[in-house]
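# Inside the fold
Here's the letter readout for the chains.
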Amino acid sequence: MRRRFTFTLFMLLAMAALVSGCATGPTSSGIPRYDSNKPQVFLPGANVEQAKGVAMGSAVSKGWQVAATSEHALVLERQLNAAAAESVASGSSLSTTPPRVQVETEFFPRDQGVDVVVGATVVSSDGEKGEKRQDFTESYRVDLERSLTSLRSTWDRSRGRVASATPPLAPKDGTPVEVDPDVPLA
């Protein structure tokens, strides 16, 4: 059962890889603060929009739900399987909703690519005490790192397609950009 939970967590990160709402929290500018202690990977040649798109597409295709998104972050979530839920809820009162895992993915642009930083949180709730959040980043570090490795592999395989599907930016002078109709944008 531990393997199944590990695999589920791995797939979550590999698919969507990346979430916001972590303990470091966003700054007043809306950009999350970089935490060098969390699992991370560098996606060479990516911009934030491309990295988020690959992460989100992978996650959704593997059954993860997008809980929240912002300019520099993505939060994915999924219900925990029964065995993992029991271990999280051990000794606590009956939960009114099944516990779920959230993977917070943050995207940090830098020269020639994007750093993707992830963290994991288990969220549970009961009628009396409300929502309880537990940081599980260290407990699942190995699984998170495996997911990031998978994200990097997905990026390496698909970055040419992703980059060619990204529409060009409009020039600063407001002149419209001509797009070749024979080149698919998605």
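The rules behind these values
- Residues numbered from 1 in each chain as written.
- Predicted model: local features only at pLDDT ≥ 70, side-chain atom pairs only at ≥ 80, totals over all residues.
- Heavy atoms only, no water.
- Helix = DSSP H or I, 4+ residues; strand = E, 2+ residues; numbered from the N terminus.
- Buried < 20%, exposed > 50% of the residue type's maximum accessible area, 1.4 Å probe, protein only.
- Contact = heavy atoms within 4.5 Å.
- Areas by Shrake-Rupley, 256 points an atom, 1.4 Å probe, with all protein chains shown as cover.
- pLDDT = per-residue confidence, 0-100.
- Salt bridge = Lys/Arg side-chain N within 4 Å of Asp/Glu carboxyl O.
- Expected span 1.5 Å × (residues − 1).
- Polar contact = N/O pair within 3.5 Å; in protein donor to acceptor, adjacent residues only side chain to side chain.
- Pairing = 2+ DSSP bridges.

### Description of the overall build of the chain
- Scanning the chain from N- to C-terminus turns up four helices and six strands.
- Listing the helices and strands of the chain from first to last along the sequence gives α-β-α-β-β-α-β-β-β-α.
- Looking at the 186 residues of the chain, the share that counts as buried comes to 46%.
- Of the contacts made within the chain by residues no fewer than 6 positions apart, 66% connect residues no fewer than 24 positions apart.
- Element-wise, carbon and sulfur atoms account for 53% of the exposed surface of the chain, whose accessible area totals about 10,400 Å².

### A closer look at the confidence of the model for the chain
- With 61% of its residues at a pLDDT of at least 70, the chain reaches an overall mean of 73.
- With pLDDT under 50 throughout, residues 2-29 is counted as low confidence; its partners more than four residues away or in other chains account for 107 contacts.

### Let's talk about the pattern of salt bridges
- Counting across every chain of the model gives nine salt bridges.
- Arg133 serves as the salt-bridge partner of Glu104, at 4.0 Å between the closest nitrogen and oxygen. Within this pair, whereas Glu104 is found in strand S4 (residues 97-110), its partner Arg133 is found in strand S6 (residues 130-135), the two being separated by 29 residues in sequence.
- Accessibility expressed as a relative area gives 40% for Arg133, which makes it partly exposed.
- Of the charged contacts, one joins Arg141 and Glu145 as a salt bridge, the two residues approaching to 3.4 Å between their closest N and O atoms. In this pair, Arg141 and Glu145 are both assigned in helix H4 (residues 141-165), four residues apart and thus about one turn of the helix distant.
- A single salt-bridge network, built from bridges that share partners, covers Glu77, Arg100, Glu104, Glu131 and Arg133.

### Looking at helix H2 (residues 48-61)
- In this model H2 runs 20 Å from its N-terminal to its C-terminal C-alpha over 14 residues, within 8% of the 20 Å that 1.5 Å per residue would give.
- Buried within H2 are the following residues: Val48, Gln50, Ala51, Lys52, Val54, Ala55, Ser58 and Ala59.
- Of the residues that open H2, the one with a side-chain oxygen 3.1 Å from the backbone nitrogen of Glu49 is Asn47.
- Positive phi shows up at Gly63, right after H2, with a value of about 95°.

### Quick look at the side chain of Gln102
- Within the secondary structure, Gln102 sits in strand S4.
- Within the structure, Gln102 has its side chain in polar contact with the side chain of Glu77 (distance 2.8 Å).
- Apart from residues no more than four positions distant in its own chain, Gln102 is found in contact with Ala67, Val75, Leu76, Glu77, Gly119, Ala120, Thr121, Val123 and Arg133.

### Looking at the pairing of strand S5 (residues 113-126)
- Along S5, 14 of the 14 residues are buried, which leaves the element largely enclosed by surrounding structure.
- Because side chains alternate across S5, one face comprises the buried residues Gly113, Asp115, Val117, Gly119, Thr121, Val123 and Ser125, and the other comprises Val114, Val116, Val118, Ala120, Val122, Ser124 and Asp126, equally buried.
- The pairing of strand S1 (residues 40-44) with S5 spans five bridges and is antiparallel. When the bridges of S5 are listed, Pro44 appears paired with Gly113.
- Relative to S5, S4 runs antiparallel, the two sharing 12 bridges. What sits directly across from Val101, in S5, is Val122.
- Between S4 and S5, which follow one another and run antiparallel, lie two residues, and Gln112 among them has a positive phi close to 65°.

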